[in-house]
Amino acid sequence: TLIDENASCHLALGRALGPGLDPGSGYTFNFSSIHVDFMIGTPDMKITGTDVNGKEIPIFINGDFAI
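Remember, predicted model here, so these are calculated numbers, not experimental data.

Student: Is there a simple way to think about the environment of P58 in this case?
Tutor: Tracing the backbone through its elements, the reader meets P58 in strand β4 (residues 56–61). On the basis of relative accessible area, P58 is assigned to the partly exposed category, the value being 40%. For the pair P58 and T48, spaced 10 residues apart in the sequence, the C-alpha separation amounts to 4.4 Å. With residues near it in sequence (within four places) discarded, P58 still touches I47, T48, A66 and I67.

Student: For this particular structure, what's the right way to read the sheet that holds strand β5 (residues 64–65)?
Tutor: Strand pairing in a sheet takes place through backbone hydrogen bonds and is either antiparallel or parallel in direction. Taken in spatial order, the 3 strands line up as β3-β4-β5 in an open sheet, and their pairing is antiparallel. Every other strand in the sheet has two partners, leaving β3 (47–50) and β5 as the edge strands with one partner each. Two elements, β3 and β4, share 4 bridges in a ladder whose sense is antiparallel. Within β4, the position partnered with T48 by the bridge is P58.

Student: Got a minute to help me understand a nonpolar patch on the surface in this structure?
Tutor: Taken together, the side chains of L11, L13, I34, V36, F38 and I40 define a hydrophobic patch exposed on the protein surface, amounting to about 530 Å² of accessible area. The set of elements that each furnish at least two residues to the nonpolar patch consists of β1 (9–14) and β2 (35–40). Broken down by element, the nonpolar patch gets its largest block of residues, 3 residues, from β2. On the secondary structure map, I34 appears in the loop between β1 and β2. Assessed through its relative accessible area of 49%, I34 is described here as partly exposed.

About the criteria used
Residues numbered from 1 in each chain as written. Predicted model: local features only at pLDDT ≥ 70, side-chain atom pairs only at ≥ 80, totals over all residues. Heavy atoms only, no water. Helix = DSSP H or I, 4+ residues; strand = E, 2+ residues; numbered from the N terminus. Buried < 20%, exposed > 50% of the residue type's maximum accessible area, 1.4 Å probe, protein only. Contact = heavy atoms within 4.5 Å. Pairing = 2+ DSSP bridges. Patch = residues over 30% accessible without salt bridge, like charges linked within 9 Å, V, L, I, M, F, W, Y side chains within 5 Å. Areas by Shrake-Rupley, 256 points an atom, 1.4 Å probe, with all protein chains shown as cover. Salt bridge = Lys/Arg side-chain N within 4 Å of Asp/Glu carboxyl O.

Written out as structure tokens, the structure is:
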């Protein structure tokens, strides 16, 4: 996460993963000619992730990056 993205949820449209991606990883390349970033946030934003074991991990709490 870059500095300007620490207070927001980052969405991107367009080219994503670049060279160096392991072909066996299951991810695919997006060869769009553009890449546009959107940062969305509010003072009360809450984002919670879930790990492979089902454990919930806070990512944002009250608009602040928690990790």
